[in-house]
Amino acid sequence: MQYKDELLNDLDELMRIRSVSAEDKAAAARALEYVLNRAEQMGFKTVNIDGIAGHVEYGEGDGLAAVLAHVDVVPAGEGWSMEPYCLTERDGRLYGRGLVDDKGPAMAALYCMKALKDSGVVPKRRLRLILGAAEEIGMEDMEIYFGREDMPDMAFTPDSDYGICTNEKGILQLELYSKDNSSTLISRFRSGSAVNAMPSRAEALIDCTEREDNQLRRAADKSPCVCDFIYTMDGLSITLTGKAAHACVPHEGVNSAMQLIRLLSDSFGRMVLGSLCSFLDDAIGLENDGASLDIACSDEQSGALTVNVGVVGIDETGSKALIDIRYPVTASADEIFETISEKASYEGLMTRVINHERPLSVNGDAPVTNFLRAAYKEITGEEPELYSTGGGTYARTLRNNGVAFGPVFKGDPARIHDTDEGMDKNNFFRHAQICLEAMYRMALEE
């Protein structure tokens, strides 16, 4: 592929914008503006909608094909082996927050459009790169965008794995909360920064005796987390370090928050944990399948339900937990919510929906899947598999006109939403080739 050095230079500049939408929407808007400005410099028409979404357009015609990507990211978190907010190349791999999810694919798609334009390709339908700046916080960006702009006839989002994702589980994100801290043990608990990521670090401040402290330390020896204890003026501070993971694959991580709650429960009993931690330990514990919540379910199209506790916060002002549930395409979000809400109410906890994204299911023989199948085979020589995911992508906003497609190849650990997010450099550019082929086919073929 041409433009490799230019693409990587621009990507580095984009990654240096700390566009964590959950913390700084203005930075996410700057990241969007950066990509649109680069597109204008390349000679493309662009649209910026309120700093939250926009597009780059090439060609004319009644039809519309699109690639959707986002420029916001989740927080870097702790434990990186290099600076997270820039592009780093090491031992044949590229690293940095957003390299895979989704700044790298966004910039690659822009350069694919440039390659088509510079080659004199004349599309038979309009081709757009649609960009959002709030994907990681509920995809309100696409709701706003499609409230003003046309829905594509066909599209894909390079925000998952290869081959072609035809089913995406529903995403139900809830807040469990109480207006006070009912614990007689815990004065402060902090863990996690995003509902859709498994927290790698959890910290609690507790009041305990020296005998109880010794008992706690013995129990900590059995924990899968790294445990640190520090005496402070306000009590004993306990920090557990687990392993981060994306909420859609909680089995790949070690949830520091739930491990810390279990450690305290085993050492002191649930009665002193307070309503929130007691409920979390009893109804979720170390499970990922929702069995103790009575919401476990599965279907043939998309697989089993998963549960992730992403954020826990307790202090003198109250208690809250943010929970991410990925449910099968045939399951009912209303029934899941009602079950959890009823159970939580027994502990005096209130429940509210903070985000709900309905599931996606696309026919494997839809026109867009046929274009993508042909593009993948042209570059790799192999047939792509059709698969399902618990991940949530822009594909679910496309009214079954689009799917997720790439950029992650099997055997290449991308560590999305984790430390040292990265990708093999050759695979990054192989993805760019597939993206170019797919965009060419969508723009030109009937």
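All figures in this text were calculated on a predicted structure; none of them were measured in a lab.

(A) Spatial organisation of the packing of aromatic side chains. Going through the model one piece at a time under the given rule, you end up with 9 aromatic pairs. Ring centres of Y162 and Y376 lie 5.4 Å apart, and the angle between their planes is 45°; on these two criteria the pair is classed as tilted. One end of the pair, Y162, is in the loop between β8 (160–161) and β9 (164–168); the other, Y376, is in helix α9 (residues 367–380), and 214 residues separate them in sequence. Grouping residues by exposure puts Y162 and Y376 together as buried. On the basis of an interplanar angle of 90° and a centroid distance of 5.0 Å, the ring pair of Y162 and F405 is categorised as edge-to-face. Residue Y162 is found in the loop between β8 and β9, and its partner F405 is found in strand β24 (residues 402–405); the two are separated by 243 residues along the sequence. One aromatic cluster is present, formed by F156, Y162, Y376, F405 and F409 through successive ring pairs. Above the plane of the ring of F409 lies R430, whose end atom (NZ or CZ) is 4.0 Å from the centre.

(B) Expanded view of the pattern of salt bridges. Under the definition given, this model contains 31 salt bridges. Of the charged contacts in the structure, one is a salt bridge between D150 and R126, with a shortest N-O distance of 3.5 Å. In this pair, D150 is assigned in the loop between α4 (140–146) and β7 (154–157) and R126 in strand β6 (residues 126–132), connecting sequence segments 24 residues apart. With a relative accessible area of 42%, D150 lands in the partly exposed category. For R126, a relative accessible area of 14% gives the class buried.

(C) Layout of the sheet that holds strand β4 (residues 88–90). Taken together, 3 strands build an open sheet; the order of strands is β4-β5-β26 and the sheet is antiparallel. In this open sheet, the two edge strands, each paired with only one partner strand, are β4 and β26 (422–424). Each strand of the sheet is rotated relative to its neighbour by a mean of 25°, with strand direction disregarded. Examined bridge by bridge, β4 and strand β5 (residues 93–95) share 3 bridges and lie antiparallel to one another. Residue T88 lies in a different strand from β5, and its bridge partner there is Y95.

(D) Representation of the sheet that holds strand β14 (residues 226–232). Pairing is antiparallel across the open sheet formed by 8 strands, whose spatial order is β14-β15-β13-β11-β19-β20-β10-β21. Each end of this open sheet is capped by a strand with a single partner; those strands are β14 and β21 (350–357). Neighbour-to-neighbour, the strand axes of the sheet open up by a mean angle of 20°, direction not taken into account. Judged from the 3 bridges that link them, strand β11 (residues 186–191) and strand β19 (residues 306–315) form a sheet pairing that is antiparallel. Residue pairing across strands places R190 opposite G313, the latter belonging to β19. Against the sheet, helix α6 (residues 256–268) touches β11, β13 (201–206), β15 (235–241) and β19, its axis set at about 35° to β13.

(E) Seen up close, unusual backbone geometry. D101 connects to D102 through a cis peptide bond whose omega is 10°. With respect to the helices and strands, the residue D102 is situated in the loop between β5 and α3 (103–118). Residue Y162 is joined to G163 through a cis peptide bond whose omega torsion reads 5°. With respect to the helices and strands, the residue G163 is situated in the loop between β8 and β9. Phi is positive for D50, close to 60°, though the residue is something other than glycine. With respect to the helices, strands and loops of the structure, D50 is situated in the loop between β1 (45–49) and β2 (53–58). Judged by relative accessible area, D50 falls into the exposed class, the value being 58%. Notably, H417 is not glycine yet its phi reads approximately 65°, a positive angle.

Reading guide: rules and limits
- Residues numbered from 1 in each chain as written.
- Predicted model: local features only at pLDDT ≥ 70, side-chain atom pairs only at ≥ 80, totals over all residues.
- Heavy atoms only, no water.
- Phe/Tyr/Trp six-rings, centres within 6.5 Å; stacked < 30°, edge-to-face > 60°.
- Helix = DSSP H or I, 4+ residues; strand = E, 2+ residues; numbered from the N terminus.
- Buried < 20%, exposed > 50% of the residue type's maximum accessible area, 1.4 Å probe, protein only.
- Lys NZ or Arg CZ within 6 Å of the ring centre and 35° of its normal.
- Salt bridge = Lys/Arg side-chain N within 4 Å of Asp/Glu carboxyl O.
- Pairing = 2+ DSSP bridges.
- Axes fitted to C-alpha atoms, helices over the stretch in contact; angles between N-to-C directions.
- Contact = heavy atoms within 4.5 Å.

In short, shape yes, function no, at least from these values alone.
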